[in-house]
Amino acid sequence: MSKIIDCHMHIGSWPTLRKCGNMILRLMDAKGISYGLISNADCTEYPKKIREDWEPVHVSQEEGLEAALRFARRNEDRIGVLAWVNPNKETLSKKLISLISENRDIVYGIKIHPWESRIKLTHEKVEPYIELARDMKLPVLVHTAKDKYSDARYLAYMAKDYPDVRFIAAHMQLNGRYEDVLQIMRNYPNVYADTAWVKMEVAKKVMEAVGPERVLFGTDMPIDGEDSLEHPIYREYFANAAGLDKESYEMLMGKNAKSLFHLHLK
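Colleague: I'd like a rundown of the overall build of the protein, residues and numbers included.
Modeller: The number of helices and strands found in the protein is 10 helices and eight strands. Its C-alpha atoms give the protein a radius of gyration of 17 Å, near enough to 18 Å, the size a compact globule of 266 residues would have. For the protein, the spread of C-alpha atoms along the three principal axes comes to 45 × 40 × 40 Å. Within the protein, the fraction of its 266 residues that count as buried is 59%. For the protein, restricting intrachain contacts to residue pairs at least 6 apart in sequence, the fraction spanning at least 24 positions comes to 78%. Carbon and sulfur atoms make up 49% of the accessible area of the protein, which amounts to about 11,400 Å² in all.

Take a look at the structure:
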């Protein structure tokens, strides 16, 4: 088995993410995950109070990236970074561009979360970040879900307008129909998908429909804390419960992410 790579992980101060640095590394070790890409969930533009004993945390996109970089630098052989951006309340600053440029050895992409930013991907405020991704050749991981901000149809518009940008549809339309994302992938070869909260049988169907190179293993961990990777959805992936052939399975679990993000792995 080649290296397992998780393209969708987080650090942050949410109740389930407290002390998540060590938690991430423990979970990776327990499941044989060699490398993971993190973004900083504390950048959430509209943080909400989840528990009475916890106060919502918000940091700027620059502060969030700096924290992610510090963690990644301490674990360069295990961790890479996706820069979580805040297009609604913030702008593409010179500092953010410099942080990305100066750390391209461990910054591999951009993360956009339309729901947490309360903004559609097609909004003009988002365009500078997509243009940065195009100019720097950085893939863009986009939260997709059946809500008024994150619907995958907005991703389709951007994929059409920016054919040179590689987009990853995180969750394949969470709480909606994966077929919506599949149709977009059929129409636009620059759209990929990750498996965060996606059943393996669905991932297999998408791989068979558009090619095994278009789906990447991702978990959203440690969003559920210490039990994140014990969810039945993820147990299926580690056991190859869908019965993918060896090459397709290795592509899904790591090779696709390594290729798409041009990961510098030892």
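Colleague: Could you give an account of the layout of surface pockets, naming the residues involved and the relevant values?
Modeller: In this structure, the largest pocket spans a volume of roughly 420 Å³. Looking at the largest pocket, it is lined by 24 residues, and the ones nearest its centre are W14, K48, H113, E116 and I223. Its residues assigned to classes, the lining of the largest pocket comprises 12 nonpolar, seven polar and five charged. Looking at the second largest pocket, the residues that line it are K3, S34, Y35, E76, D77, D105, I106, Y108, H264, L265 and K266. Broken down by class, the residue content of the lining of the second largest pocket amounts to four nonpolar, two polar and five charged.

Colleague: So what's going on with the environment of P114? Which residues, and what values?
Modeller: Summarising the element assignment, P114 is placed in helix α4 (residues 114-117). In sequence terms P114 and T44 are 70 residues apart; their C-alpha atoms lie 9.9 Å from each other.

Colleague: Residues and numbers for the packing of helix α2 (residues 61-74) against helix α3 (residues 94-102), please.
Modeller: Where α2 contacts α3, the two axes come as close as 9 Å, and the packing angle between them is 20 degrees. Relative to α3, the element α2 is oriented roughly parallel. Along this stretch, α2 crosses α3, giving a crossing that reads as left-handed. Taking contact as the criterion, the partners of Q61, E62, L65, E66 and L69 in α2 are, on α3, K95, L96, L99 and I100. Taken together, the residues that form the contact of α2 with α3 break down as five nonpolar, one polar and three charged.

Colleague: Would you mind going over the packing of α3 against helix α5 (residues 127-136) in detail, with residue names and values included?
Modeller: α5 packs onto α3 with a crossing angle of 25 degrees between their chain directions and a minimal axis gap of 12 Å. Judged on the interaxial angle alone, α5 and α3 are roughly parallel. Where α3 crosses over α5, the two elements pack in a sense that is right-handed. In this structure, α3 uses L96, I97, I100 and S101 to contact α5, whose residues at the interface are Y129, L132 and M136. Considered class by class, the residues forming the contact of α3 with α5 number six nonpolar, one polar and no charged.

Colleague: So what's going on with the nonpolar core? Residues and values would help.
Modeller: Counting 76 residues, the largest nonpolar core has F167 and Y237 as the members making the most contacts within it. When neighbours within four sequence positions are excluded, F167 is seen to be in contact with I130, V140, V142, L155, M158, A159, Y162, N190, V191 and Y192. In terms of nonpolar packing, the next biggest core, distinct from the first, is built from 16 residues, C7, A170, A257 and L265 among them.

Colleague: Give a description of the sheet that holds strand β5 (residues 140-145) that names residues and reports values.
Modeller: Within the open sheet, the eight strands sit side by side as β1-β2-β3-β4-β5-β6-β7-β8. Their pairing is parallel. This sheet does not close on itself; its edge strands, each paired only once, are β1 (4-11) and β8 (215-216). Pairing geometry for strand β3 (residues 79-84) and strand β4 (residues 107-112), over four bridges, is parallel. Within β4, the residue paired with V81 across the bridge is V107. This element, helix α1 (residues 20-31), spans β1, β2 (33-40) and β3 of the sheet and lies at about 160 degrees to β1. Across the sheet, helix α6 (residues 152-161) is in contact with β5, β6 (167-174) and β7 (191-194); its angle to β6 comes to roughly 160 degrees.

Cut-offs used in this document
Residue positions are given per chain, counted from 1 along the sequence in the order it is written. The predicted nature of this model means local features are confined to residues of pLDDT at least 70 and side-chain atom pairs, given and counted, to a pLDDT of 80 or more, with totals for whole chains, interfaces and linings taken over all residues. The side-chain figures draw on all heavy atoms in the structure; neither hydrogens nor water molecules are used. Only DSSP runs of H or I reaching four residues or more are called helices, and only runs of E reaching two or more are called strands; each is numbered from the N terminus. We compute the radius of gyration over the C-alpha atoms and compare it with the globule rule, which gives 2.2 Å times the number of residues raised to the power 0.38. Buried, partly exposed and exposed residues are distinguished by accessible area as a fraction of the type maximum, computed with a 1.4 Å probe on protein chains only: under 20%, between the cut-offs, and over 50%, respectively. Contacts are assigned to residue pairs with any non-hydrogen atoms lying within 4.5 Å of each other. To measure how exposed things are, a 1.4 Å probe is used in the Shrake-Rupley method; for residues, cover is taken only from the protein chains shown. Points on a 1 Å grid over protein atoms alone make up a cavity when a 1.4 Å probe fits among them but cannot get out, and a pocket when they form an open set with protein on both sides within 12 Å along at least five of seven lines; lining residues each have an atom within 4 Å of a point. Grid points are joined across faces, edges and corners, and a volume is the space filled by probe spheres set on the points. Amino acids are sorted into nonpolar (Ala, Val, Leu, Ile, Met, Phe, Trp, Tyr, Cys and Pro), charged (Asp, Glu, Lys and Arg) and polar (every other residue, Gly among them). Only the stretch in contact is used when fitting a helix axis, every axis being a line fitted to C-alpha atoms; angles between N-to-C directions are given from 0 to 180 degrees. Roughly parallel means an angle under 35 degrees; roughly antiparallel means over 145; roughly perpendicular covers 65 to 115; every other angle is labelled oblique. By convention, the crossing between two helices is left-handed when the near helix turns anticlockwise from the far helix through less than a right angle, and right-handed when the turn is clockwise. Buried Ala, Val, Leu, Ile, Met, Phe, Trp, Tyr and Cys residues that are joined via side-chain atoms within 4.5 Å together make up what is termed a nonpolar core. When DSSP finds two or more bridges between two strands, those strands count as paired.

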